[in-house]
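Below, each chain spelled out in residue letters.
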Amino acid sequence: MWIVLLIPLSKVDAQELSGYKSKSTEKSLENKMAWWQEARFGMFVHFGLYSVPSGVYNNEIMGRNWYAEWIHMQGNWPDGIPEGEYRKFAKRFDPKSFDADQWIRLAKAAGMKYFLITAKHHDGFALWPTKVSGYNVMDATPFKRDILGELATACKKYDVKLGFYYSHWQDWGHGGAMPKKPSKPGGPKKPKSTLADFDNYWNKICLPQVQELIENYDPHFLWFDTWRRSREITDEKVDELIAHVRRLNDKCLVNSRIAFGYEGIEDKVDYLSMMDNDFPDGYIEKPWETSGTMNRSWGCHQLDYGWKPAGELLRNLVANASRNGNYQLNIGPMADGTFPKPSIKRLKEIGAWMDINGEAIYGARPNPVAEQEWGYITAKGTKKRIRLYLFVFDWDKSGKIKVKELLKIPIKIQVLETGEVLKGINVKDGLEIILPEFRPDHNCTVITVEISK
Ligand code: GLC
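Residues numbered from 1 in each chain as written. Predicted model: local features only at pLDDT ≥ 70, side-chain atom pairs only at ≥ 80, totals over all residues. Heavy atoms only, no water.

Quick word on a nonpolar patch on the surface
Taken together, Ile-61, Leu-303 and Tyr-305 make up a surface patch of nonpolar side chains, about 290 Å² in accessible area. Within the fold, Tyr-305 resides in the loop between strand 11 (288–292) and helix 10 (310–322). A relative accessible area of 61% means that Tyr-305 is categorised as exposed. (Patch = residues over 30% accessible without salt bridge, like charges linked within 9 Å, V, L, I, M, F, W, Y side chains within 5 Å. Areas by Shrake-Rupley, 256 points an atom, 1.4 Å probe, with all protein chains shown as cover. Salt bridge = Lys/Arg side-chain N within 4 Å of Asp/Glu carboxyl O. Helix = DSSP H or I, 4+ residues; strand = E, 2+ residues; numbered from the N terminus. Buried < 20%, exposed > 50% of the residue type's maximum accessible area, 1.4 Å probe, protein only.)

Below is the structure:
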């Protein structure tokens, strides 16, 4: 649905480099989006009661998809897990090894500048001691600690910005919207809330909880979640919720999945959220992000071994940054409160790369020339002097790459990691660069190109 906003990069030719137009960033750096656009990279965490069964219930693996946080509604069994049974996971929710400092340190070491967690997911269970429902970590579990409070303190300590995922539409524990279809063809229909139920939930749970989150923890942003138009989330409700947040804290950012696919929503919110693991293939003017998984599930899934290589995750980050977008990489902590080993390994691999190449991501502007076959580009600098960052993923056998549409004579070309100076030759439709004899980074080598007016 954001296609209309895509600007074909091929139209932005190298001539523009001399009077370098920063597109959206110049304006927005002065406004409340500045930190968000500069950050580019954040952590998303899905943690809740579903982390206890972790994709498996009564020895059966979830059937419909790999989203372990949906286990309550989508099992191999006829009707998911009945509400009463599901609530019993609260008694087993006791993540003794949870350490907020450690989570935030891991995010920071991976080069992430912000942290987003499921304050309340679709099941309706709250990770903070909410006053409007007993279905929360303090009142319903043996753990009895304010998980969000501890994380908010750690975020302050490590200077990481904090955000909350809040499921405003689906709330299976409080009469919010319920899926209508049975899990299995022919299976019994799921209970379906009426519009009156929904209004009741909206006023008694949703609005007060959003208020609590803002007043108690002062988040920098909120991430609401819809994926289609629904009868429950009317235009009036969208406006009401946005106004509610703005009134409580005008600096708190709001994402577009508060009303995914609703006409005109991009003008009401601060940034666009793509669908899950959806990576657009071109520049988008309005600040935007993709949330992505490391394997297939968001919540921890004990049988999901589909881990993506770190190089692929890095490519997602770089591609988004070169197109003016952010990337929120998800972790599904285990029931004991620790991150799965494959997640930690990937965070460390990305962190090692970010340590060296981070300047090419943070605060960088999107690609000012054409999309390239071998990788991606970002840029920094003034009107007089510009530094391009070339992210070379595909190492061509020819030993060269061509930067299409770059017609300027470069002042200096270097490998960011090693400092090795490279040769560039201006050809009629671009700049050819002779790659180093030895490939410095197996995933992505960053080459800097300095250009002056
Ligand atoms: C979808 C899913 C949800 C997940 C989210 C992450 O909305 O319903 O389980 O939290 O995507 O982007």
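Moving on, there is more to tell.
As for the sheet that holds strand 14 (residues 385–392)
With respect to topology, 4 strands assemble into an open sheet ordered 13-14-19-16, the strand pairing being antiparallel. Looking along the sheet, the strands with just one partner apiece sit at the ends: strand 13 (375–381) and strand 16 (412–415). Sheet twist, expressed as the mean angle between neighbouring strand axes with direction ignored, is 20 degrees. Sheet topology places strand 16 next to strand 19 (residues 445–452); 4 bridges connect them, and they run antiparallel. Looking at the pairing, Lys-412 lines up with Glu-450 of strand 19. (Pairing = 2+ DSSP bridges. Axes fitted to C-alpha atoms, helices over the stretch in contact; angles between N-to-C directions.)

Examining the side chain of Asp-123
Summarising the element assignment, Asp-123 is placed in the loop between strand 5 (114–120) and helix 5 (137–140). The buried charged residue Asp-123 lacks any salt bridge, with Lys-120 as its nearest oppositely charged partner at 7.9 Å. Beyond its immediate chain neighbours, meaning those up to four positions away, Asp-123 contacts Leu-49, Tyr-50, His-72, Tyr-86, Tyr-135, Asp-171, Trp-172 and Gly-173. (Lys, Arg positive; Asp, Glu negative; His and termini not counted. Contact = heavy atoms within 4.5 Å.)

A word on the pairing of strand 11
Judged by how many residues are buried, strand 11 sits mostly within the fold: 5 of 5 residues are covered. Side chains Trp-288, Thr-290 and Gly-292 of strand 11 all project onto a buried face; the interleaved residues Glu-289 and Ser-291 project onto the opposite face, where all are buried too. In terms of strand pairing, strand 9 (residues 272–273) meets strand 11 through 2 bridges, oriented parallel. Of the residues in strand 11, the one forming a bridge with Ser-273 is Glu-289. Where strand 11 lies against strand 12 (residues 325–331), 5 bridges are found, and the strand directions are parallel.

With respect to the site of the ligand
In the region of the ligand, 13 residues are neighbours, and His-46, Glu-69, His-121, Asp-225 and Asp-276 sit closest. In the environment of the ligand, an oxygen atom lies 2.8 Å from a nitrogen or oxygen atom belonging to the side chain of His-121. Protein chains bury 97% of the 310 Å² of accessible surface belonging to the ligand in isolation. The residue makeup of the shell around the ligand, split by class, is 6 nonpolar, 3 polar and 4 charged. (Near = heavy atom within 4 Å. Polar contact = N/O pair within 3.5 Å; in protein donor to acceptor, adjacent residues only side chain to side chain. Nonpolar A, V, L, I, M, F, W, Y, C, P; charged D, E, K, R; others polar.)

Digging into the packing of helix 10 against helix 11 (residues 341–357)
The N-to-C vectors of helix 10 and helix 11 enclose an angle of 50 degrees; their axes lie 9 Å apart at closest approach. Put simply, helix 10 runs oblique to helix 11. Handedness of the crossing formed by helix 10 with helix 11: right-handed. Side by side, helix 10 and helix 11 meet where Ala-310, Leu-313, Leu-314, Leu-317 and Val-318 of the first sit next to Arg-346, Glu-349, Ile-350, Trp-353 and Met-354 of the second. Residue classes in the contact of helix 10 with helix 11 are distributed as 8 nonpolar, no polar and 2 charged. (Parallel < 35°, antiparallel > 145°, perpendicular 65-115°, else oblique. Left-handed = near helix turned anticlockwise from the far one by under 90°.)

Topic: the pattern of salt bridges
Applying the stated criterion across every chain yields a total of 24 salt bridges. A salt bridge links Lys-32 to Asp-270; the nearest nitrogen and oxygen atoms lie 3.4 Å apart. You can see Lys-32 sitting in the loop between helix 1 (25–28) and helix 2 (34–39) and its partner Asp-270 sitting in the loop between helix 9 (265–268) and strand 9, a full 238 residues away along the chain. A salt bridge links Glu-371 to Arg-323; the shortest N-O distance between them is 2.6 Å. Residue Glu-371 is found in the loop between helix 11 and strand 13, and its partner Arg-323 is found in the loop between helix 10 and strand 12; the two are separated by 48 residues along the sequence. Connected through shared salt-bridge partners, Glu-359, Arg-385, Arg-387 and Glu-450 make up one network.

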